[in-house]
Structures are given as structure tokens and as C-alpha cells.
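# Observations on the three-dimensional arrangement
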Amino acid sequence: MAEVKLRQVTKRYDEDTVAVKPLDLDIKDKEFIVFVGPSGCGKSTTLRMIAGLERISDGGLYIGRDIVNHLAPKDRDIAMVFQNYALYPNMTIYDNIGFSLKMKKIKKSERDERVREAAGILGLSDFLDRKPASLSGGQRQRVALGRAMVRNPKVFLLDEPLSNLDAKLRVAMRAEIVKLHRKLETTFVYVTHDQTEAMTMGDRIAVLNDGYLEQIDTPFNVYEYP
Ligand code: ADP
Ligand code: ADP
């Protein structure tokens, strides 16, 4: 089970900046939840706390049954996809996708199988020998998704993954990510400032405002988008 629970989770960057006010949130196993809200409302900070990239000032964070406050990102059973892809420019697509498995010393035959499976699902099979610079933005974002996928994480964390794509591609990739979520049957936590993206992708939407959770509901029932 990969529900994610936040209990009175708070983030203080300094005296004057409380980015996340005590936040209670239950993310269900296998759901696609979207954090939406204006710039600076605390979406990214919340996601990064779940990822373990940002320390929690107060409160408890649970993934499944475990309290993970003090676990490093690599021990949390999560994988994160960033807006800027964060690919390794000098590695091939194959090596980019398989890198984390190599770090974990997964044996070559299994690594190869997992990389090829992910590439197949994401339509990247013909690009494995290329370097990131020779791919389009959409293809690069697929590589980033592939790199997350091969880890078989319980929870996918996606921080504005489509913001760098042009409008047309963004719409196409929305559908792809929703399809991927269905296929993988894992929990997706997705951050965006784009309300159309939130409405078309989320099972539920958490609206944040100034560090508070303002609403949380299905897209149909959210009464006011920021
Ligand atoms: P969002 O993702 O909704 O745009 P953030 O989580 O990035 O919002 O930021 C929430 C608040 O925390 C903002 O006021 C922002 O300026 C502040 N903040 C974010 N990161 C840092 C940081 N590393 N140091 C200090 N303040 C930060
Ligand atoms: P190295 O040991 O040189 O770092 P790896 O262990 O990552 O290389 O991978 C070597 C093996 O992985 C190759 O023999 C091949 O089976 C597979 N492989 C690596 N890159 C590719 C690629 N671009 N396309 C297909 N298979 C690849």
C-alpha cells in the first residue's frame, strides 16, 4: 500500500517564511492527486518534503505504514520527475533510463529488461543510442518518466513536468501521463499551476493557497480555482 499521509506537516524556511502551514492530507493508494495553486503557495515545497529533498520543520509524513521524516530520498520508494528533465547530457538515453538501476547494482540482464520495457511503453525504443540533446522536449520528458519508471516506485512525484513544453505537446503529454498512471497502478502526486491540467488529469485536486490547503475534492466538485 502506498498511501501518503501528512500530519500537521509544516515548513519554515526562516522566521518570516512559513511555506507550508500545518497541513493534514491523505493521499490514497493508487490515486492521481494534483496540487494546484498560484506561484509561491507551497506546492513544490510540499512535493519536495514528500520526496525527502526538503526537511520537514514539524509534523509527520508517512508513506504506507512507515514514518519517513528522516529517510533519504533513495530509501522512500518514490521517484521524482522534474520540470527541467534533469537528464545526464553525456549519457545515452539507454544509460539515462538505467542509471539508478546501475547504482543499485541490479544485474545487467534485469537492468536491460527493465530499461527496454520502459522505453517500449514510452515510445523510446528507437532512441536508446541517442544523447538527450538530440531529442525533442516531449521525448526528453518521456526519458525522465522512464528513468522514474524503472525504479518501480510506489509513489511518483511530478513537479510541473509539462511546463517547458509547447502548448500542443503539453496537451498530448497530459493524456500520456494519465495513461501511464492507469497502466502502472501506482500513486501519482502531480504539481501544476495550470488549472486545466489539474482538471483534466487529477482524480482529486488539492488547492493550496498561501501554505494552506484550501480545498480538496474531485475536479467536478472543486468550486473555485485560484
Ligand atoms: P510553489 O511551488 O507553489 O510555487 P514553493 O513551494 O516553491 O511554491 O514556495 C512556497 C514559499 O516558500 C514561497 O514563499 C517561496 O518564496 C518560499 N521558498 C521556496 N523555497 C525556498 C527556499 N529554498 N528558501 C526560502 N524560501 C523558499
Ligand atoms: P558499461 O558497462 O559500458 O557502462 P552498461 O553496463 O551500461 O555499459 O551497458 C552495456 C550493455 O548494455 C550493452 O552490452 C548492451 O547490452 C546494453 N546497452 C547499453 N547501451 C545500449 C544501447 N544504447 N542500446 C542497446 N543496448 C545497450
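Residues numbered from 1 in each chain as written. Chains lettered and ligands numbered in written order. Predicted model: local features only at pLDDT ≥ 70, side-chain atom pairs only at ≥ 80, totals over all residues. Heavy atoms only, no water.

- The chain goes by Multiple sugar transport system ATP-binding protein in an unreviewed UniProt entry, where it is assigned to Alkalibacterium olivapovliticus.

## A short note on the packing of helix 2 (residues 93–103) against helix 3 (residues 108–121)
- Contact pair helix 2 / helix 3: the axes reach a minimum separation of 9 Å and the direction vectors enclose 135 degrees. Between helix 2 and helix 3, the angle falls in the class oblique. With respect to the hand of their crossing, helix 2 and helix 3 are arranged in right-handed fashion. When helix 2 is examined against helix 3, the residues Y94, I97, G98, L101 and K102 are found in contact with a partner set consisting of R111, D112, R114, V115 and R116.
- Grouping the amino acids of the contact of helix 2 with helix 3 by side-chain chemistry returns 4 nonpolar, 1 polar and 5 charged. (Axes fitted to C-alpha atoms, helices over the stretch in contact; angles between N-to-C directions. Helix = DSSP H or I, 4+ residues; strand = E, 2+ residues; numbered from the N terminus. Parallel < 35°, antiparallel > 145°, perpendicular 65-115°, else oblique. Left-handed = near helix turned anticlockwise from the far one by under 90°. Contact = heavy atoms within 4.5 Å. Nonpolar A, V, L, I, M, F, W, Y, C, P; charged D, E, K, R; others polar.)

## Notes on the site of ligand 1
- If you check the shell around ligand 1, you find Y13, T17, A19, P38, S39, G40, C41, G42, K43, S44 and T45 and nothing else.
- Within the side chain of Y13, one N or O atom sits 3.3 Å away from a nitrogen atom of ligand 1.
- Between C41 and ligand 1, the recorded distance is 3.1 Å, taken from a backbone N or O atom to an oxygen atom.
- Against a free-state accessible area of 560 Å², the protein chains account for coverage of 57% of ligand 1.
- Only strand 2 (17–27) and helix 1 (43–51) provide two or more residues apiece to the shell around ligand 1.
- Ranked by residue count, the leading element in the shell around ligand 1 is helix 1, at 3 residues.
- The residue makeup of the shell around ligand 1, split by class, is 4 nonpolar, 6 polar and 1 charged. (Near = heavy atom within 4 Å. Polar contact = N/O pair within 3.5 Å; in protein donor to acceptor, adjacent residues only side chain to side chain. Areas by Shrake-Rupley, 256 points an atom, 1.4 Å probe, with all protein chains shown as cover.)

## Remarks on the sheet that holds strand 6 (residues 78–81)
- Taken together, 6 strands build an open sheet; the order of strands is 6-7-8-3-9-10 and the sheet is mixed. Single-partner strands in this sheet number two, and they are strand 6 and strand 10 (212–217). On average, adjacent strands in this sheet sit at an angle of 20 degrees to one another, irrespective of strand direction.
- For strand 9 (residues 204–209) and strand 10, the ladder comprises 5 bridges, and the chain directions are antiparallel. Looking across to strand 10, one finds that A206 is bridged to I216. (Pairing = 2+ DSSP bridges.)

## A closer look at the site of ligand 2
- Ligand 2 sits among Y94, D95, K102, K108, R111, R116, L128 and D129.
- Here D95 contributes a side-chain N or O atom positioned 3.4 Å from an oxygen atom of ligand 2.
- One of the side-chain nitrogen or oxygen atoms of R111 is found 3.5 Å away from an oxygen atom of ligand 2.
- Here ligand 2, which alone exposes 560 Å², has 54% of that area covered by the protein.
- Of all the secondary structure elements, the ones that give two or more residues to the shell around ligand 2 are helix 2 and helix 3.

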